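Each chain is listed here by its residues.
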Amino acid sequence: MLSPVEGKLSEILDEHLRMSAAISASASERRSWDRSLPVLAHDLVEAGLDEVEMLIEYQLPLTSKRADVVLAGVDRRTGDDAYVIVELKQWSHARVWGNDESKVLVEYKPGDPQLHPSLQARGYSDYLLDFLPALADRSDAVHAVAYLHNAARDDVLDLYDMVHDNRTRLFTQTTRGAFVDYLRDRFAPKPGAAAADRLLSKRVAPSKQLLEHAAAEIKHQKAYVLLAEQRLAYEMVLHKVDKARKGDSKTVVVITGGPGSGKSVIAVALLGELAHRGHEVLHATGSRSFTQTMRRHVAKGSSRMQGMFKYFNNFITAEKNALDVLICDEAHRIREVSATRFTPASQRTGRPQVDELIDAARVPVFLLDEHQNVRPGEMGTLRQIREHAERKGLAVQHISLDEQFRCGGSRKYEEWVLKLLGLDGGTPERWDGDDNFTVTMADSPHEMEAMLRGHLESGRSARMTAGFCWPWSDPRNGRLVPDVVIGDWARPWNVRGDRAVGSAPPSALWATQDGGFEQVGCVYTAQGFEYDWNGVIFGPDLLYRDGRLVTVRAASRDPALKKRDVTDEQADKLIRNTYKVLLTRGMVGTVLYSVDKETQDFLARLMG
């Protein structure tokens, strides 16, 4: 028979598990909760705070990240809403990793170092203050706690060095009494359901403080200062934003342009200027590599500013017109729907992703290249966006960068590529040169690599890419496998994951970080990036036969093209678009090579 305390605990946990987002969690998460949540619930009961609300696996707004538990209640001193984010860890022993106090090594937990749990919890609390404007002026409203309820204090003593203020605390099994006292000091013994409801219903948008921080960061970055010719698109967007605010209206803006037309430079410049003007604005893409690079290079390591860069699928549950502006960069990566196999059933509505993005802001801005759809289910084109906008009764402003300028590369070369691949209805033409852009052939992958390495050593940026026609193995014994084999030449694909492998950078940083040249890039890694010199290996999925280039679906190793619901016509378009992306990464020159002799001879004839 349960004791009164045990009965109360069972009642509390049943109710919180029933009401929380945990309903869609994995079995391993549930096992973890089975051990951790009763400890936390017991401490609340002992503190006399059994009516404080527990939000389990609370999803932070506009992100996939989840906090283990958010305690919601009444501030004991002020009577205002009060929240504590609790990061629960079952670790029994942990120590600081090397000289980096922000990382810890956990005993009996193999793998890379873990983020310090107090910093993890503090990061969640700072994020809420940055993205819930109602809390932005109440910095004391959200506190953070790491609770290592299986550890003795002496077994994690190193970790206390990172606890510097009362808003972020660390407690263990042997300091459980202090944790109970902390809870009593934080919360009044009153119901917390109303505070929890208000947290879940608060309007989501970047706070004024975050916008000011982002504006200041971008303003001083010379890489995002616009050229004179780029200002037309930039000024047109600012005009539409001012008009929407003054007239309480809504407009969709679509900016189209090929590689080198400056779409992303305009996007970042708009982000900085709109933030400076106090508009609630965010940047989003559908590419993990591109978003991670933006967070690294534009945010410059600022954890606060990194939150300004989102993914398209972060807006499934976004409030309608909660933002003034949503800048959708690389919008050709828009998917048919946002839902994945990890999406909770309650959010699997079948609603088109483009509708979610249009609805999220008064002025959604889409920047895209219509010939860069390379995966099944991508639908970001001017026509499709216009159709969805007009169904909602919204006006669409189209701005074409290709008709105005290029800030790198060659418009003439891009048109030549479109004809080569049959993407504009034309036929391949002889390349007769461009004073500002070089196109050349290599007789072998050895020669291509040597040519590009020479440019790299002279201070230029350079990368090699290839069609997805070779297997892609996982690393073995801590080393990448040289899967791209052409005769006696072999190189590995770029890293697939978020962690470096030896000197090879993570996938998202392949195009920008030292070490990337030693691997062959695939379309999913190269897309969205530009470098001075570009090497492209034509695989057996694109061959010259009977007077034209034909695609060979069976030669592709891309898992996306193995799906039965992808038609041969769709596969043909996706393969051609893939090579369009690969062929247009270079801003100074491109080196071509085909593994097929007949195709190599055809390209050589076009080169003269």
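Everything numeric in this text was worked out from a predicted model, so none of it was measured.

1. Notes on the environment of K109
Here K109 is to be found in the loop between β5 (100-106) and β6 (114-115). Looking at K109, the relative accessible area reads 40%, which means it is partly exposed. The sequence separation of K109 and H93 amounts to 16 residues, and the corresponding C-alpha distance is 9.9 Å. Filtering out sequence-adjacent residues up to four positions away, K109 remains in contact with W91 and Q114.

2. A word on unusual backbone geometry
With the exception of glycine, most residues fall at negative phi, and the peptide bonds are largely trans. With a phi angle near 50°, E57 is a residue other than glycine that sits in the positive phi range. Tracing the backbone shows E57 in strand β1 (residues 53-59). The phi dihedral of D546 is positive, around 55°, even though this residue is not glycine. Looking at the secondary structure, you find D546 in the loop between β21 (542-545) and β22 (548-551). Judged by its relative accessible area of 79%, D546 is exposed.

3. A closer look at the nonpolar core
Membership of the largest hydrophobic core comes to 144 residues, with the highest contact counts inside it found for L326, F366, Y579 and L583. Once residues lying within four places of it in the same chain are set aside, the contact partners of F366 are V252, V253, V254, I255, C328, A331, I334, V354, L357, I358 and I385.

4. Here we look at helix α17 (residues 568-583)
Over its 16 residues, α17 runs 22 Å from end to end, which matches the ideal 22 Å to within 8%, given 1.5 Å per residue. Those residues of α17 that fall on the buried side of the exposure criterion are A571, L574, I575, R576, N577, T578, Y579, K580, V581, L582 and L583.

5. Considering the pattern of salt bridges
A side chain with one charge may pair with a side chain of the opposite charge, provided their charged atoms come close. Counting across every chain of the model gives 34 salt bridges. Between R77 and D185 there is a salt bridge; the shortest N-O distance is 2.8 Å. Taken as a pair, R77 in the loop between β2 (66-74) and β3 (81-89) and D185 in helix α5 (residues 176-186) lie far apart in primary sequence, 108 residues in all. Under the relative-accessibility criterion, R77 is labelled exposed at 58%.

6. Some words on the sheet that holds β2
Strand order in the open sheet formed by five strands is β1-β2-β3-β7-β8, and the pairing between neighbours is mixed. The open sheet is flanked by β1 and β8 (168-172), the only strands paired with a single partner. On average, each strand axis in the sheet is tilted by 30° relative to the strand beside it, whichever way the strands run. Packed on one face of the sheet, helix α3 (residues 117-131) meets β1, β2, β3, β7 (142-148) and β8 and runs near 160° to β7. Those strands touched by helix α6 (residues 193-201) are β1, β2 and β3, and its axis lies near 20° from that of β1.

7. Structural notes on the pairing of strand β20 (residues 531-538)
When you tally the buried positions in β20, you get eight out of eight residues, the bulk of the element. For strand β16 (residues 462-466) and β20, the ladder comprises five bridges, and the chain directions are parallel. Opposite A462, over in β20, you have W533 as the bridge partner. Judged from the seven bridges that link them, β20 and strand β23 (residues 586-594) form a sheet pairing that is parallel. If you follow W533 over to β23, its bridge partner there is G589.

8. Considerations on the pairing of strand β12 (residues 323-328)
Burial runs high along β12: six of the six residues are buried. Bridge count for strand β10 (residues 281-285) against β12 is four bridges, and the pairing is parallel. Within β12, the residue paired with H283 across the bridge is I327. Here β12 pairs with strand β13 (residues 361-368) via five bridges, running parallel. When the bridges of β13 are listed, L326 appears paired with P364. Once you follow β12 into helix α12 (residues 353-359) and on to β13, the crossover reads as right-handed.

9. Here's the deal with the packing of aromatic side chains
Counted by the stated rule, this structure contains 17 aromatic pairs. Between F171 and Y182 the ring centres are 5.5 Å apart and the planes differ by 50°, which places this aromatic pair in the tilted class. On the criterion of sequence distance, the pair formed by F171 in strand β8 and Y182 in helix α5 is long-range, its members being eleven residues apart. Here the aromatic rings of F468 and W472 are separated by 5.7 Å at their centres, their planes lie at 70°, and the arrangement is edge-to-face. With respect to class, F468 is no different from W472; both count as buried.

Analysis parameters
Residues numbered from 1 in each chain as written. Predicted model: local features only at pLDDT ≥ 70, side-chain atom pairs only at ≥ 80, totals over all residues. Heavy atoms only, no water. Helix = DSSP H or I, 4+ residues; strand = E, 2+ residues; numbered from the N terminus. Buried < 20%, exposed > 50% of the residue type's maximum accessible area, 1.4 Å probe, protein only. Contact = heavy atoms within 4.5 Å. Core = buried A, V, L, I, M, F, W, Y, C linked by side-chain atoms within 4.5 Å. Expected span 1.5 Å × (residues − 1). Salt bridge = Lys/Arg side-chain N within 4 Å of Asp/Glu carboxyl O. Pairing = 2+ DSSP bridges. Axes fitted to C-alpha atoms, helices over the stretch in contact; angles between N-to-C directions. Right-handed = clockwise from strand over helix to strand, strands pointing away. Phe/Tyr/Trp six-rings, centres within 6.5 Å; stacked < 30°, edge-to-face > 60°.

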